Amino acid sequence: MAALDLALFHVPIQRKERTFRSKEELTLDYTDTELRARYRFGREGILFLSDLVRDRLTRQTNRNHALSVEQQIMVTLRFLASGSFLQVIGLDKSTVSRVVDSVLDALCEKRNEFIQWPTNLNQTKAEFYEFAGFPNMLGAIDGTHIRIKRPHHDEPSFINRKGYPSLNVQAVCDAKGRFTNINANWPGCCHDSHVFRTSQVCAHMERNGNWENGILLGDSGYPYSYGSQKGNQNSNGLWNPTQHLHTAK
């Protein structure tokens, strides 16, 4: 009835003034120190990521308030740094969720350009020896627990030994700290040795016998050997990597 009365007397309906999301937080007009505090990346890093996925994330729209590629990257980095949609100021949760999904999908498509197993094994071993004095090393391996929200299904499998839900992510890197392999397939309850034993890295080392006895270096979370307990040794006393994983305690 109220709406009818307003129409009869030609009273204009008072519409709520439109408000647009604030982009004040999503700007590169900060110092590198301030950007790193918010996004864990400086200006150069944010621009590098933006250029990497620009073709995929550029919005084909004439809307004045569409997020730029740089802003989408900063939204995603802010979410990853804080673990909360609410920490992305000025945007609603659904928008943040869509942006994060799009950016992560675009970055994952580029993973093979940056995460590659070494092809020049002699160079890799030389770099490790120069860096740390370890001979015959192809990589350093370790697992890290990435905290996640409690899953709705099979929650106990994701609870790690410290009592919180996580993924046990295995990573291998070279002497320069570059990732050469990442395995994020297992929940937090799985031991590092199990993650390795079921990984492509282990299968690759067991399948290929022409690695010139290169080794991976890990901590005591990894058993000293896989396969035959007797093992094979070559003339210089190094264990055959097709059956063994060297560990450092």
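In this text the structure is predicted, and so the values were computed from the model without any measurement.

Comments concerning the packing of helix 5 (residues 69–82) against helix 6 (residues 93–108)
Point 1. Taken N-terminus to C-terminus, the directions of helix 5 and helix 6 make an angle of 100 degrees; their axes are 9 Å apart at the nearest point. Classed by the angle they form, the pair helix 5 and helix 6 counts as roughly perpendicular. Between helix 5, through Gln72, Ile73, Val75, Thr76, Phe79 and Leu80, and helix 6, the contact on the second element is made entirely by Val96, Val99, Val100, Val103 and Leu104.
Point 2. Along the lines of polarity and charge, the residues of the contact of helix 5 with helix 6 split into 9 nonpolar, 2 polar and no charged.

As for the confidence of the model for the chain
Point 1. Overall, the predicted model of the chain reaches an average pLDDT of 80, with 74% of residues at or above 70.
Point 2. Note on residues 226–249: pLDDT is under 50 here. Beyond four places in sequence and across chains, it has 64 contacts.

Re the pattern of salt bridges
Point 1. Applying the stated criterion to the full structure yields 9 salt bridges.
Point 2. Close ionic contact of Glu70 with Arg54 constitutes a salt bridge, the shortest N to O distance being 2.6 Å. Of the two residues, Glu70 is situated in helix 5 and Arg54 in helix 4 (residues 54–57); the sequence distance between them amounts to 16 residues.
Point 3. What makes Arg54 partly exposed here is its relative accessible area of 26%.
Point 4. In this structure, Glu113 and Lys110 form a salt bridge, with 3.9 Å as the shortest nitrogen-oxygen distance.

Here's the deal with the layout of surface pockets
Point 1. Taken as a whole, the largest pocket holds about 1,600 Å³ of empty space.
Point 2. Residue lining of the largest pocket: 36 residues in total, with Leu80, Leu104, Cys108, Ile146 and Ile182 positioned closest to the centre.
Point 3. Elements that contribute at least two residues to the lining of the largest pocket include exactly helix 3 (43–52), helix 5, helix 6, helix 7 (111–114), strand 1 (137–147), strand 2 (166–173) and strand 3 (179–187).
Point 4. The element contributing the most residues to the lining of the largest pocket is helix 5, with 6 residues.
Point 5. Among the residues making up the lining of the largest pocket, the classes are represented as 24 nonpolar, 6 polar and 6 charged.
Point 6. The space that makes up the second largest pocket amounts to roughly 270 Å³.
Point 7. Residue lining of the second largest pocket: 14 residues in total, with Asn181, Ile182, Ser199, Gln200 and Val201 positioned closest to the centre.
Point 8. Every element with two or more residues in the lining of the second largest pocket is listed here: strand 3 and helix 11 (200–207).
Point 9. In terms of residues, the lining of the second largest pocket owes the most to one element, strand 3, which gives 6 residues.
Point 10. For the lining of the second largest pocket, the per-class residue count stands at 6 nonpolar, 7 polar and 1 charged.

Points about the sheet that holds strand 4 (residues 215–217)
Point 1. Pairing in this open sheet of 4 strands is mixed, and the strands run 3-2-1-4 from one edge to the other. Two strands lie at the open edges of the sheet, namely strand 3 and strand 4, each paired on one side alone. Ignoring which end each strand starts from, the neighbouring axes of this sheet average 25 degrees apart.
Point 2. As judged from the 3 bridges shared by strand 1 and strand 4, these two strands associate in the parallel manner. Along strand 4, the bridge assignment pairs Gly139 with Leu216.
Point 3. This element, helix 8 (residues 121–132), spans strand 1 and strand 2 of the sheet and lies at about 75 degrees to strand 1.

Conventions used here
Residues numbered from 1 in each chain as written. Predicted model: local features only at pLDDT ≥ 70, side-chain atom pairs only at ≥ 80, totals over all residues. Heavy atoms only, no water. Axes fitted to C-alpha atoms, helices over the stretch in contact; angles between N-to-C directions. Helix = DSSP H or I, 4+ residues; strand = E, 2+ residues; numbered from the N terminus. Parallel < 35°, antiparallel > 145°, perpendicular 65-115°, else oblique. Contact = heavy atoms within 4.5 Å. Nonpolar A, V, L, I, M, F, W, Y, C, P; charged D, E, K, R; others polar. pLDDT = per-residue confidence, 0-100. Salt bridge = Lys/Arg side-chain N within 4 Å of Asp/Glu carboxyl O. Buried < 20%, exposed > 50% of the residue type's maximum accessible area, 1.4 Å probe, protein only. 1 Å grid on protein atoms, 1.4 Å probe; cavity = no way out; pocket = protein on both sides within 12 Å on 5 of 7 lines; lining within 4 Å. Points joined across faces, edges and corners; volume = space filled by probe spheres on them. Pairing = 2+ DSSP bridges.

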